[in-house]
Amino acid sequence: MDRNFYKLLSKLNDNSIKKDELDKKEILDKLDSLRFDIDNTLIPFIEKIGYYKKYEIIDKIKAIVSQISLYINFPEIIGKTVIGVVSPDDKALPVIHHKSKSGDYCFYNIHENTAVFTKNEYDELMSNAKKYEINIRGLAYFLSAPDDSMTDDSVLINIPSIKKNDKNTVRTALFRLVDVLVISTDGYDCINLFDHPVAIVSFDNIDNKNDKSLRDYCNLHNIEYHNQELNTSAINFANTLINVRCKSKISFYIRMKSLLSELLWYLAGEKNALMDKFKMLNDNLLFKDSIVEEDLKTIRNEYSEKMDNEIEKYANELKTITSNMLEKLDNIEKILGTSDKNNDKGEDIAELIAKLSFIYKSFPEDDSAEIIRSLGNKLKDKEGYSEVADVLMKYFFNEKLSKIQVQELLNINTCSVFLDHIKIDLTREYSDMEKNCTEIILKNEQYVRSKDLFLIGKYYIDKDKLLSKKYLFAALYAGEKKAGVLLWKKSKEYFELTNDEKKILADCGIGEAAFYFGEQLYKALEKNGFPQDGNDYYECIKYLNIAGAAKIIDALKLAGNIYYYEYSEGEANAEKIPVILKYYEVAKKCGSVDKTMHERMGELYMKNENYQTARECFEFSQTAGSCFFLGEIYKNGNGVSVDDKTALSWYEKAINAGHVQAQVEYDRLNAKIEAAKKVTTTSSNTSYYSTSYYSSSYYSYYSSYSGW
Amino acid sequence: MALFEDVEIVEVNSNQYLSDPEKGLELLKNILKIDTQNIINVKFEAIVKNELFPVLANLNLGGETEIYRKLLKLCDKIRETSKLEFIDKKCTIGIGGGFSSGKSAFINALTNVSLPEDQDPTTSVATYIISAQEKKNIIISNSNNFFEADDDAIEAIAHQFQREYGLGFAGIIKNIVVFSNKFKYENIAILDTPGYSKADGDLKADSLDFEKAAEQLRAVDYLIWLTQSNNVIKNQDIDFIRSLTNSNKILFVFSMADLVTESDLKQKIDNARKRLSEAGIEIYDIIAYNSKDGKTVIGDEVLEKYFDEIDKKAKNKKNLREQLDEISDEVHNLVNDKIKKLRDFSQHIGETISKVHDPEHIDAIIDVYSSCNSQISTLLERINDFDVCIKKLCDEISEK
């Protein structure tokens, strides 16, 4: 047997760098150095961050490295539209077809090394492989073959019909470069291996059930969808889609930066959330309530520590690690020629977005405005970009956007999380119904923000009860109180919440829910005179306080009532008065018109000798008791001049309302007045006795003889 | 070179695969065949990475990195020992070390098999040695094809094929499994790995070797690390060992002890002990061994004690399902601890709220209370999601 076949196999299996490829060795060494940094520094660091998509980011970073390796070994892919054609044969070797000057065939072998064959060598290798049934796929990951039918702007990859479970990372790295996918609808199962191509061309019977799945997938991921009848025509058609926005033209540097920006954006968001809480605690600490002071200080210190020692530290560390890494990546790309900043729309927009993401924490800051302005101006001058630049700049400078501009923004295809959230915000602002927003959110699979979860939950009301409930609860847990309010509002007739679920709402600070439980406990405790032994008392006040903080008037009143009861039925401890008044005042501020409450307020203010306020409360209330107290005030001249006539009129009102003591006081005062009149009359006749004494005794003497 | 000690070394030409090129191609064909039945089930790994890891990240437990590593190790194990039921219940001891550190000679001396000792990098293949009633060799290709090979095939693959035809099997063959009736430990599988570095020892330049060796050694239960006696344990050795995150103590062996005097060996061992301790590496012991004679020069009985202990532990070794259950229990314990702490805190804050008499300035404390209870509810939901993922993984293991 001719041993030449063994020579060819040996050549195919070679894992050494050839002398004429020494320049490739240099860049491969740089890549290895980058890979080492990523594996040993960046990835262990990312694992520490609490972002739930961190493992996805790690995978994407590894994919970037794999793809760079491919570019190094197969520069014919760089800068071209990559068309992937999925063929039914699941055992074939993937082949990259490209226009080639040399006419050589190049295998990427299992040692991730290139093995170059002339046409004759290739033909001999393949014919012997067929003859001796040697599976070349066991020795190579894929082949790059010359093909004159290809254009200068595109390459075509023949992809065997891959089972979903094929894990070969080198092949999957290749597939992820595909921009336009040509696929039989039966190949739908493997769609996720292609990392969202910009266009899909299916060549199948459009009545095939998978066609609908493909269309839905394309709609969801903003992918152009075309249907052609035959495989060949589909490939030719795909060749015409040269003006697509090719992901592969976005440089690796930008893609890496965008991924790292996502982590920084997450950390910034966490920091802002903590800062808000920190500020709220600080504001509350200004009001010295010794009960909460220690707790709030402890929690405040924890927030502060987390912000400084964890989040800030992580952010700084991430920036340090990545700046070194990005520099290495940039050097590699300069050698590859993929960092060429040409007029390509996708790359510039992506670069702008990455820069914006990098610059901004969560919201625009004054010192960043100039940078954005200059970047926007740079884009504005380029043909075809002005609309997009306008949209971006206007957003950051808070100018109104037209719907057309919103649409333009929505069409930008980038991998920036930061921009995606801007799109959602804008759409929400401009769409009549929130359906579009929800679809965008679902499409982007970014449920990071509580308001997104709320939006989805609200969207599913009347469509899918369980899903709606799930998202609204998730939004509530993420801090969106509006979700809890909505859940409560529809708890009876729609969501049919269980008692436990209602309790969750109460414990998550939803005022109405807290009042529900507070009121239940109040009624039970009231029957027994608000006993303080046992947990119910404290639970009651806790829930009433939570509801009160949400400005629920009845909760404030009931809490005040509990303390009023303790005051009036107990030792009338004056220290309780400010507590009761506090609750009632807040209820009043919130708009309570409860007359009993106002009467009690007046009574307590009187106790504190704050007659002015007491009088105002009584005048508002005008209950029997209030009228009586007003009578007392005018009778005694508490905070006002003594005015018997006014006092009498208040007593009369009280009497008409059924106040017993008012009658007594009325009689007394009236008698006093009458006696005083008599004395005045008598004094003109120089009466010995004082008027008041005489008139009152006289009156009482005669009144006892009323029957006479 | 003989595979088993009772067979004489034979001339190359009598090996059928070397004397007949077409037979050689037949061997190659069998090794390269794709058996779709044996495609590694990567669904386990996909579920772990795409579903379980995000849930774990969301649980935000603090000890999560360790759990993540354990799950990755389980994936490594499943990937490496997929379909190898005969290894599943055994404790694997990986023999690691740089290129030409004497690993194969050491194993030959211990196990009475005859692995090739002078493989060049193009031919070296990771080999399992396990105890069995009958001698047998199985070749496992990268496409997970299983092929029972005769002694001639193993001998040819070792390095003769490279010499005869210019074609090496490193990278083509994933593992060789040698069933030996002379290896006495029934519950142990020894893994002989290729060196993690090339002869020139540049770590970065050979990251693929590094990665392959690391992948295999991460999946083992115990590690024995070899260094030539006339050498030292290098920094790159220590870095490599650290990257394996093996939780068991490591036995270090200075091999080819006949090359150095005993006093020098003692000095080397003392220095190594100090360096390794400073590097935070847990040491079982450090010995010096002469593979030629099959004798321990320094550290008598340590080896036998080491193997006996592992053999005993192996009897209680958990299978994959049990290991997964163990990880699940660990996560549940961490979550339960966290929930308990949150509940205690919520109780305390709730009592504080009930004592506050200022409804206008209570927002912050209520916010803290709400946040605490939200975290509890979230954890309870997410642990359900975690359990769903674990169930999927258990179903995958059962199907295997």
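The present account deals with the structure reproduced in this document. (Residues numbered from 1 in each chain as written. Chains lettered and ligands numbered in written order. Predicted model: local features only at pLDDT ≥ 70, side-chain atom pairs only at ≥ 80, totals over all residues. Heavy atoms only, no water.)

### Notes on a negative patch on the surface
Residue and element names in this part refer to chain B. Residues Asp300, Glu301, Glu304 and Asp308 make up a contiguous surface patch of negative charge. Position of Glu301 among the secondary structure elements: in the loop between strand 10 (295–298) and helix 11 (302–315). Looking at Glu301, the relative accessible area reads 67%, which means it is exposed. (Patch = residues over 30% accessible without salt bridge, like charges linked within 9 Å, V, L, I, M, F, W, Y side chains within 5 Å. Areas by Shrake-Rupley, 256 points an atom, 1.4 Å probe, with all protein chains shown as cover. Salt bridge = Lys/Arg side-chain N within 4 Å of Asp/Glu carboxyl O. Lys, Arg positive; Asp, Glu negative; His and termini not counted. Charge placed at Lys NZ, Arg CZ, Asp CG, Glu CD. Helix = DSSP H or I, 4+ residues; strand = E, 2+ residues; numbered from the N terminus. Buried < 20%, exposed > 50% of the residue type's maximum accessible area, 1.4 Å probe, protein only.)

### Points about unusual backbone geometry
Phi is positive for A:Glu112, which is not a glycine, with a value near 55°. By secondary structure assignment, the location of A:Glu112 is in the loop between strand 3 (105–109) and strand 4 (114–117). Relative accessible area serves as the criterion here: at 23%, A:Glu112 is assigned to the partly exposed category. For B:Met256, which is not glycine, the phi dihedral falls at a positive 50°.

### Considerations on the packing of helix 20 (residues 499–507) of chain A against helix 22 (residues 535–549) of chain A
As a packed pair, helix 20 of chain A and helix 22 of chain A sit with axes 10 Å apart at the nearest point and diverge in direction by 65°. Here A:Lys503, A:Ala506 and A:Asp507 of helix 20 of chain A lie close against helix 22 of chain A, whose contacting residues are A:Lys542, A:Tyr543 and A:Ile546. (Axes fitted to C-alpha atoms, helices over the stretch in contact; angles between N-to-C directions. Contact = heavy atoms within 4.5 Å.)

### What about the packing of helix 23 (residues 553–569) of chain A against helix 24 (residues 576–589) of chain A?
Residue and element names in this part refer to chain A. Taken N-terminus to C-terminus, the directions of helix 23 and helix 24 make an angle of 160°; their axes are 8 Å apart at the nearest point. One way to sum up the angle between helix 23 and helix 24 is to call them roughly antiparallel. In the crossing of helix 23 with helix 24, the sense of the turn from one axis to the other is left-handed. Seen from helix 23, the contacting residues are Ile553, Leu556, Lys557, Ala559, Gly560, Asn561, Tyr563, Tyr564, Glu566 and Tyr567; seen from helix 24, they are Lys576, Ile577, Val579, Ile580, Tyr583, Tyr584, Val586 and Ala587. Of the residues belonging to the contact of helix 23 with helix 24, the class tally is 13 nonpolar, two polar and three charged. (Parallel < 35°, antiparallel > 145°, perpendicular 65-115°, else oblique. Left-handed = near helix turned anticlockwise from the far one by under 90°. Nonpolar A, V, L, I, M, F, W, Y, C, P; charged D, E, K, R; others polar.)

### Points about the pattern of salt bridges
Following the criterion strictly, the structure yields 36 salt bridges over all chains and no others. For A:Glu619, the salt bridge identified is with A:Arg615, shortest N-O distance 3.6 Å. Taken as a pair, A:Glu619 and A:Arg615 lie in helix 26 (residues 611–621) at a separation of four residues, close to a single helical turn. Within this structure, A:Lys582, A:Lys589, B:Asp358 and B:Glu360 form a network of salt bridges that share partners.

### Thoughts on the interface of chain B and chain A
Facing 70 residues of chain B, the contacting portion of chain A comprises 62 residues. Overall, the association of chain B and chain A removes approximately 6500 Å² of surface from exposure, summing both partners, and the carbon and sulfur fraction of that is 60%. The three residues of chain B that bury the most area against chain A are B:Leu25, B:His357 and B:Pro359, which together make up 10% of that side's buried surface. Our enumeration of links across chain B and chain A arrives at five salt bridges. The salt bridge partner of A:Glu133 is B:Lys29, with a shortest N-O separation of 3.8 Å. (Buried area = accessible area lost by both parts, 1.4 Å probe.)

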